[in-house]
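# Fold and contact review
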Amino acid sequence: AGDATPPALSLGRLGTLRVGEPRSFHYPDARSPCLLIRMGMPTEGGVGPNQDVVAFSQLCTHMGCPVSYESGLRLLQCPCHYTTFDPERGGAMVCGQASTDLPRIDLRHDSKTDIITATGVNGRIFGRL
Ligand code: FES
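Below: a short report on this structure. (Residues numbered from 1 in each chain as written. Predicted model: local features only at pLDDT ≥ 70, side-chain atom pairs only at ≥ 80, totals over all residues. Heavy atoms only, no water.)

Summed over the entire model, instances satisfying the criterion amount to seven salt bridges. One salt bridge connects Asp29 with Arg31, and the closest N-O pair in it is separated by 3.8 Å. Take Arg31: its relative accessible area is 62%, and that puts it in the exposed class. Among the ionic pairs, Arg128 bridges to Asp29, the shortest N-O distance being 2.9 Å. Highlighted residues: Arg128 in the segment after β10 (115-122) and Asp29 in the loop between β2 (23-26) and β3 (33-38), separated in sequence by 99 residues. Since its relative accessible area comes to 27%, Asp29 is described here as partly exposed. One continuous salt-bridge network, built from bridges that share partners, spans Asp29, Arg31 and Arg128. (Salt bridge = Lys/Arg side-chain N within 4 Å of Asp/Glu carboxyl O. Buried < 20%, exposed > 50% of the residue type's maximum accessible area, 1.4 Å probe, protein only. Helix = DSSP H or I, 4+ residues; strand = E, 2+ residues; numbered from the N terminus.)

Purely spatial values, then, with no claim about function.
The following block contains the structure:
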């Protein structure tokens, strides 16, 4: 079924993630690049002791180019037609060509092991039904 929950994926320890330096991963499968970002301050939907770790699909919702994180601006930007998304507002589109927000990846943080796990996708990843 289309709404089946994808299997959880370990993304490593939160303690190894530096503020403003995203970590790439693929979820829910190898064709879907995503970015794990430690924002450095409490963020909507964030996990971890500071609730500052979030993740998004890297595929721009306009035409599927990979967005990158601009740490100075604290925004995700698409190099193709300059659509900008805000990771502090759940991936909301700020301006540009796309018509939908960037899909947010559900995360879980285990305070005992410090492991972050991807557990689901919120929104429609570019190119998928
Ligand atoms: Fe990202 Fe067009 S593909 S703005």
